Amino acid sequence: MRKCRVAFKFCGCCNPYVDLSRIARYLHTIAESCNDFEIVPLASGDAGVVVILCGCSRACADRAENRIGKLATVVVAGESVDGEMVPEPELPLAVGRKLVSVLCQLKGRCNPCS
Amino acid sequence: MKSGREYRESLRKLEPEVYYLGEKVDSVVDHPAFVPHVNAAALTYDMALAPEFEELLTATSHLTGEKINRFTHIHHSHDDLIKKVKMLRAIGQQTGSCFQRCVGHDGLNAVYSITFEIDRKKGTEYHKRFIQLLRKVQSEDLMISGAMTDPKGDRRLSPSQQSDPDMYVHVVERRGDGIVVSGAKMHITGAVNSHGHLVMPTAAMRQEDADYAVCFYVPVGAPGVVHIFGRQTNDTRKWQCFLDQGNVDYGMVGGEALIVFDNVFVPWEHVFMCGEYEFAYELVERFATAHRQNYGGCKTGLADALIGAAYALAQIQGTDRASHIRDKIVEMVHLAETLYCCSIACSCQGYALPAGSYMADPLLANVTKLNVTRHVYEIARLAHDIAGGILATAPSENDWKDTKVGKYVDKYMKGVPGISAEARIRLIRLLESMTCGTALVESMHGAGSPQAQRIMIERRANLEHKKRLAEKLAKIGEQPLFVC
């Protein structure tokens, strides 16, 4: 069975309110340690899940084109994860938890990794 | 949607308790002190029916799918936020004065979103109740005042610490059928010529302030609601003369009043927050953001007319081709358009809230309003410079009309050939009403004083991110390639 494939889509970081790189680095760390999913480039078109990383509430990257064909998305928009407020220092952990939860749910009803 | 005439007729059916200059006012619609304010608000109705303004002044209700006046609309896109700003500029160009209706509009949007979130966390039913009110506001095209600012008493103390609890609007009794409230709201724009008041808390609250965390709607004629109308610079000119009023049809500012709530009963169906103190700050910020977003719209519209007056005066006085006058006119345009840029920018950077409605970017909205506190004063200063001292010394309309000295006034108030003294006097009076006195103060304190904007700017400044950028460039510590 192939690993779940997760891609990042950044907003462009014009004036980010939160440190998106820190979140991305943390997710890479989880991917390496838990060996349950892998990070792939969005352009590969191979990802089942996309983490949309936006530096502020404007959520510029949260567009339909970035959701089409994906089994699930996790949206970070400033200090929020899928609409729930999260203080900046806790964001990497919160996004990591959310991603793992999404992957577990997907595995329960289908196989996003195959 | 109502027309301006229907709006006036609807006001005649109401019986608000209004006092002005020590007397009880029988008819707000007919009293000369209020006529300009009623006219300005009425234009928000008539312009919505005019094809040339329909695109900006109307919207589609997300509740009913019906065409509604935009002042009753809940923003559901960036386009809605931008159109609000453009609408305000368009109306401001026509009135040259405050048209009042944006305050209630901003209140509707703030309360709409916050009640959704209170219900989600607390299991209350405020949002459902509010939607019922919103349906009525939209279908009857009501004008709602947004009543937020409390008298505040001793500013060092929180609401519950005040020696007089009425310094902040608060719940004095909870009953099976509703609540009883007391207190007051100050500086409330359009209060006497609205159909009702949307009352919101004015500051962050703590648990001990729970009785002050109250949001509700009352019709203007509700028993115990008393309106005391504020004085304005030269307000007696409204009935003592015509030409000397300057902006005869629309007056100056929005017609602000002190609203007293003397043990007012509010049925539960009109209560949208009652004790949920932890949501008070968020409600204040959302309302303040929406209202500060506006000021680069309406004030730019007013500035367009003001710049036009200064330019026309320069032409009449024969100074319009002088390089320093042209430079000052350009500077006025630059200042005004900068405000417009700010309002458009905070709208473009707005975002969706959990309720599905949209709000402007708070940091940029506060920057917008803080700029207004400076730019509008500078625009007025330049207009005064261009107009000359005659702005403060022009003879009265009565002397111009006088059979004996009128000929002198007419002779010496003339400028370049072919333009009447009357035209010059009219422009001077317009400029006076728009920049001398009450009108200018409104740009400073309307939608909150400058320090209120500074506080919100500091909260949103994200200085730690800026520090990380500097540390990376200065090679301080281990830094990743990109700081984002």
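Along each chain, residues carry numbers from 1 onward, in the same order as the chain's sequence is written. Written order decides the labels, with chains lettered from A and ligands numbered from 1. Predicted model: local features are reported for residues with pLDDT of at least 70 only, side-chain atom pairs are reported and counted for 80 or more only, and whole-chain, interface and lining totals are derived from all residues. Heavy atoms from the whole structure form the basis of all side-chain values; hydrogens and water molecules are not counted.

1. Section: the overall build of chain B
Reasoning step 1: Helical segments are the DSSP runs of H or I of at least four residues, strand segments are the runs of E of at least two, and each set is numbered from the N terminus. For chain B, the count of helices and strands is 17 helices and 14 strands.
Reasoning step 2: Radius of gyration here is computed from C-alpha atoms only, and the compact-globule reference equals 2.2 Å multiplied by the residue count raised to the power 0.38. The C-alpha radius of gyration computed for chain B amounts to 24 Å, which stays within 12% of the reference 23 Å derived for 484 residues, consistent with globular compactness.
Reasoning step 3: The C-alpha extent of chain B, read off along each of the three principal axes, is 75 × 70 × 50 Å.
Reasoning step 4: In this scheme, a residue with accessible area under 20% of its type's maximum is buried, one over 50% is exposed, and one in between is partly exposed, where area comes from a 1.4 Å probe on protein chains only. Put simply, chain B has 484 residues, and 57% of those count as buried.
Reasoning step 5: Restricting to contacts in chain B with at least 6 residues of sequence separation, those with at least 24 account for 76%.
Reasoning step 6: For chain B, the accessible surface area stands at approximately 19900 Å², while carbon and sulfur atoms represent 53% of it.
Reasoning step 7: The charge count treats Lys and Arg as positive and Asp and Glu as negative. His and the chain ends do not count. Think of each charge as sitting on NZ of Lys, CZ of Arg, CG of Asp or CD of Glu. Side-chain charges of chain B comprise 55 positive and 58 negative groups, with the mean position of each set lying 4 Å from the other. Contacts are assigned to residue pairs that have any heavy atoms within 4.5 Å of one another. Shrake-Rupley sampling with a 1.4 Å probe provides the accessible areas, and residues are treated as covered by the protein chains on show and by no other component.

2. Quick word on the packing of aromatic side chains
Residue and element names in this part refer to chain B.
Reasoning step 1: For Phe, Tyr and Trp, where Trp contributes only its six-membered ring, two rings pair if their centres lie within 6.5 Å, and the inter-plane angle classes them as stacked under 30 degrees, edge-to-face over 60, or tilted in between. Applying the stated criterion across every chain yields a total of 10 aromatic pairs over all chains.
Reasoning step 2: For the pair F71 and F99, a centre-to-centre distance of 6.4 Å together with 65 degrees between the ring planes defines the contact as edge-to-face. Here F71, found in the loop between β4 (67–69) and α4 (78–95), pairs with F99, found in the loop between α4 and α5 (101–122); they are 28 residues apart in sequence, far enough to count as distant.
Reasoning step 3: Residue class for F71 comes out buried when judged on its relative accessible area of 2%.
Reasoning step 4: Relative accessible area serves as the criterion here: at 2%, F99 is assigned to the buried category.

3. Thoughts on the interface of chain A and chain B
Many structure descriptions define interface size as the accessible area lost when the parts assemble.
Reasoning step 1: Across the contact, 13 residues belong to chain A and 14 residues belong to chain B.
Reasoning step 2: The quantity reported as buried area is the accessible area (1.4 Å probe) lost by two parts once they are put together, taken as the sum for both. Surface buried jointly by chain A and chain B totals about 1200 Å² across both partners, of which 47% is contributed by carbon and sulfur atoms.
Reasoning step 3: For chain A, the biggest contributors to the area lost against chain B are Y17, S57 and R58 of chain A; these three give 45% of the whole.
Reasoning step 4: Salt bridges are defined as contacts in which a side-chain nitrogen from Lys or Arg sits within 4 Å of a carboxyl oxygen from Asp or Glu. The interface formed by chain A and chain B holds 1 salt bridge in total.
Reasoning step 5: For R468 of chain B, the salt bridge is made with D19 of chain A, and the minimal N-O distance between the two is 3.9 Å.
Reasoning step 6: Under this definition, polar contacts are N or O atom pairs within 3.5 Å; protein pairs additionally need one hydrogen-donor-capable and one acceptor-capable atom, and for neighbouring residues in sequence, both atoms have to be side-chain atoms. The interface formed by chain A and chain B contains 4 residue pairs in polar contact (both at pLDDT 80 or more).
Reasoning step 7: Of all the elements, helix α1 (residues 20–34) of chain A adds the most residues to the side of chain A that touches chain B, at 3 residues.
Reasoning step 8: By the convention adopted, Pro, Cys, Tyr, Trp, Phe, Met, Ile, Leu, Val and Ala count as nonpolar, Lys, Arg, Asp and Glu as charged, and the other residues, Gly among them, as polar. Here the residues of the side of chain A that touches chain B are counted per class, giving 5 nonpolar, 3 polar and 5 charged.

4. Focus: the sheet that holds strand β1 (residues 17–20) of chain B
Reasoning step 1: Strands were regarded as paired on the criterion that DSSP finds at least two bridges between them. Pairing within the open sheet is mixed, and its 6 strands lie in the order β2-β1-β10-β11-β7-β6 (chain B). A single partner strand is all that each edge strand has here, and the edge strands are β2 (23–24) and β6 (170–174) of chain B.

5. Examining the pattern of salt bridges
Residues and elements named next belong to chain B.
Reasoning step 1: Within the structure shown, the criterion is met by 40 salt bridges over all chains.
Reasoning step 2: Its salt-bridge partner being E337, residue R89 comes within 2.8 Å of it at the nearest N-O pair. Taken together, the positions of R89 in helix α4 and E337 in helix α9 (residues 323–348) put the pair 248 residues apart, joining distant regions of the chain.
Reasoning step 3: With relative accessibility at 11%, the residue R89 sits in the buried group.
Reasoning step 4: Where E422 meets R426, a salt bridge forms, and the shortest distance between an N and an O atom there is 2.9 Å. Placement of both E422 and R426 in helix α14 (residues 421–435) is noted, with a separation of 4 residues, approximately one turn of the helix.

6. Focus: the side chain of H78 of chain B
Reasoning step 1: Looking at the element boundaries, H78 of chain B is found in helix α4.
Reasoning step 2: For H78 of chain B, a relative accessible area of 19% translates into the label buried.
Reasoning step 3: Separated by 3.1 Å, the side chains of H78 of chain B and R58 of chain A make a polar contact.
Reasoning step 4: Among residues more than four places away in sequence, those in contact with H78 of chain B are R58 of chain A together with S347, C348, G350, Y351 and Y358 of chain B.

7. Comments concerning the side chain of D361 of chain B
Residues and elements named next belong to chain B.
Reasoning step 1: Secondary-structure assignment places D361 in the loop between β14 (358–359) and α10 (362–387).
Reasoning step 2: Here D361 occupies a buried position and makes no salt bridge, while the nearest side chain of opposite charge, R460, is found at 6.2 Å.
Reasoning step 3: Polar side-chain contacts of D361 include one of 2.9 Å to the backbone nitrogen of L364.
Reasoning step 4: For D361, the residues in contact, after removing those within four places along its chain, are T289, C346, Q349, G350 and Y351.

8. Focus on the state of the cysteines
Reasoning step 1: Any two cysteine sulfur atoms lying within 2.5 Å of each other are counted as a disulfide. With the rule as written, the count across this model stands at 0 disulfides over all chains.
Reasoning step 2: There is no disulfide at C60 of chain A, and the cysteine sulfur nearest it, in C56 of chain A, is 5.9 Å away.
Reasoning step 3: Classification of C60 of chain A by relative accessible area gives partly exposed; the value is 32%.
Reasoning step 4: Free cysteine: C341 of chain B, not disulfide-bonded; nearest cysteine sulfur from C342 of chain B at 6.8 Å.
Reasoning step 5: Of the residues examined, C341 of chain B reaches a relative accessible area of 51% and is grouped as exposed.

9. Quick word on the sheet that holds strand β12 (residues 271–274) of chain B
Residue and element names in this part refer to chain B.
Reasoning step 1: One open sheet holds the 4 strands; their spatial order is β5-β8-β9-β12, and the pairing between them is mixed. What marks the edges here is a single partner per strand, and that holds for β5 (144–147) and β12. For this sheet, the mean inter-axis angle between neighbouring strands, taken without regard to orientation, is 20 degrees.
Reasoning step 2: Across 3 bridges, strand β9 (residues 214–219) lies against β12 in antiparallel orientation. Within β12, the residue paired with F216 across the bridge is V271.
Reasoning step 3: Packing of helix α6 (residues 126–140) onto the sheet brings it into contact with β5, β8 (196–199), β9 and β12, and relative to β12 it is tilted by some 145 degrees. Here an axis means a line fitted to C-alpha atoms, over the contact stretch when the element is a helix, while the angle between two N-to-C directions is reported on a 0 to 180 degree scale.

10. Things to note about the confidence of the model for chain A
Reasoning step 1: Every residue gets a pLDDT, meaning the predictor's confidence in that residue, from 0 to 100. Looking at chain A, the pLDDT average stands at 90 and 93% of residues meet or exceed 70.
Reasoning step 2: Under a pLDDT of 50 for its full length, residues 110–114 of chain A has, in the predicted model, 14 contacts with residues more than four places off or in other chains.

11. Notes on the nonpolar core
Residues and elements named next belong to chain B.
Reasoning step 1: Note on terminology: a nonpolar core comprises buried Ala, Val, Leu, Ile, Met, Phe, Trp, Tyr and Cys residues joined through side-chain atoms within 4.5 Å. Counting residues in each nonpolar core, the largest one holds 86 residues, and the members touching the most others are F34, V181, F216 and F261.
Reasoning step 2: Leave out the neighbours within four places in its chain, and F34 touches V18, Y20, V25, V28, V192 and F229.
Reasoning step 3: One finds I307, A310, A394 and M434 within the second-largest nonpolar core, a separate group that totals 34 residues.

12. As for the environment of H105 of chain B
Residue and element names in this part refer to chain B.
Reasoning step 1: As for its placement among the helices and strands, H105 is situated in helix α5.
Reasoning step 2: Among the residues examined, H105 registers a relative accessible area of 1% and is labelled buried.
Reasoning step 3: When the C-alpha atoms of H105 and N193 are compared, they prove to be 15 Å apart, with 88 residues separating the residues in sequence.
Reasoning step 4: What H105 contacts, discounting residues up to four positions off in sequence, is R70, F71, T72, H73, H75 and K84.

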